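Summary of the model geometry
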Amino acid sequence: LHSKDDVKSIEFGSKPKENLVASTDMRLALDDQRIILKGVSAISIINSDITLGTYSDADIDSIFNSSDELGSDVESFKNIKNMISPFMTVNQFIEPLNVAELSSLAAEGSLELNYFNNYLKGSYIYRGNQFTSFGQEYTRTDIAGLNISDRFRTLDNQLFFTIGYENLNDNLQGTKVATTTFQTLRASASLFMRRNMPTITLSYTNNKNENDINLSDTLVNFLSVNDITNRFSLNLGYDFTYKIKHSTSLSFMTSQREDNSFYNNDANYFSSSFSLNSYWTRALVSNFSVIYYDSKIALAEYQYVTLSVGGRYLMLNNDLELSLNYSPSFGD
């Protein structure tokens, strides 16, 4: 993937950028798809300012020998420049300068096993703190760790139990004051009865984030991380026919965060919602929903109700959709 700003596209601007990402992936399936092994890796290069174009060897000598920013790596930088310059702009704004630190590497490997009504998956991810892809700018970086989950199905695929655990940590290249560990435990049970019964899903999630900064260290205690969040949710869904077909859902969610860091931002949330979709014809569908939300975060409290009513109508062989929704909110 090669992405480059067009420096002639605007009259005024600064720091046009360029990005190059190379990746490879592999998938191996065995025993009629019951065993699946996957792997993907990518490495990125980014130039944060291509205004002056690619530097010559003489430019590199004059810039970096005087600044001593690269030291003895000047010749290595020249080699990188000669290798990459056919594909993208190379100057002092290119990153990473040291590929060996794996700061721009992103990789993931996983193994999936589907036996005895169990779907078991384990994976390992690694994303360096300098990995950048203009194709997906919201990828979480500076993170590595394990993720394992298992889903068990029974009662003729009507009852599902799921449990998962994730353990990640940041500061892969040692660029932060402390390393934070992110642990997540999740479990759920889902019941999908085939007729005349609601679908039910009950879930629990525990998030624990912590680093080793001591609150007594007044120089860096504002960077401390030490919080635990417990979240419970219940979701009900039911389809029925009265004159016409209707689809309903009812959900409840509550969470509590205990924050023992410098900021002590404890938080409590509760929300509930109900929705009703009615299918009057193949083309006309109406919707109604009500949401109640209540939260307490440190000294701030939010409490409101949102109503929503509307519908959509399909025309011209489903090529045109007309929709109208009215959604007022009330609260403090």
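Our structure is the block above this text.
Residues numbered from 1 in each chain as written. Predicted model: local features only at pLDDT ≥ 70, side-chain atom pairs only at ≥ 80, totals over all residues. Heavy atoms only, no water.

A closer look at the overall build of the protein chain
A tally of helices and strands in the protein chain yields two helices and 17 strands. For the protein chain, whose C-alpha radius of gyration is 27 Å, the value lies well above the compact-globule estimate of 20 Å for 332 residues. Counting only C-alpha atoms and orienting by the principal axes, one finds that the protein chain spans roughly 80 × 60 × 55 Å. The buried share of the protein chain, reckoned over its 332 residues, is 28%. Long-range contacts, defined as pairs at least 24 residues apart, comprise 50% of the intrachain contacts of the protein chain with a sequence gap of at least 6. In the protein chain, 26 positive and 38 negative side-chain charges are present, and the distance between their average locations comes to 13 Å. (Helix = DSSP H or I, 4+ residues; strand = E, 2+ residues; numbered from the N terminus. Rg over C-alpha atoms; globule rule 2.2 N^0.38 Å. Buried < 20%, exposed > 50% of the residue type's maximum accessible area, 1.4 Å probe, protein only. Contact = heavy atoms within 4.5 Å. Lys, Arg positive; Asp, Glu negative; His and termini not counted. Charge placed at Lys NZ, Arg CZ, Asp CG, Glu CD.)

Focus on the nonpolar core
Among the nonpolar cores identified, the biggest contains ten residues, and these are Ile45, Tyr55, Ile60, Phe64, Val74, Phe77, Ile84, Met88, Val90 and Ile94. It is helix α2 (residues 74–84) that contributes the most residues to this core, three residues altogether. If sequence neighbours within four positions are ignored, Val90 has contacts with Asn47, Gly53, Thr54, Tyr55, Phe77, Lys81, Ile84 and Ser85. (Core = buried A, V, L, I, M, F, W, Y, C linked by side-chain atoms within 4.5 Å.)

Observations concerning the pairing of strand β16 (residues 320–326)
Two elements, strand β15 (residues 300–315) and β16, share seven bridges in a ladder whose sense is antiparallel. Looking at β16, one finds that Gly311 is bridged to Leu324. Between the antiparallel neighbours β15 and β16 lie four residues, among them Leu316 with a positive phi of about 50°. (Pairing = 2+ DSSP bridges.)

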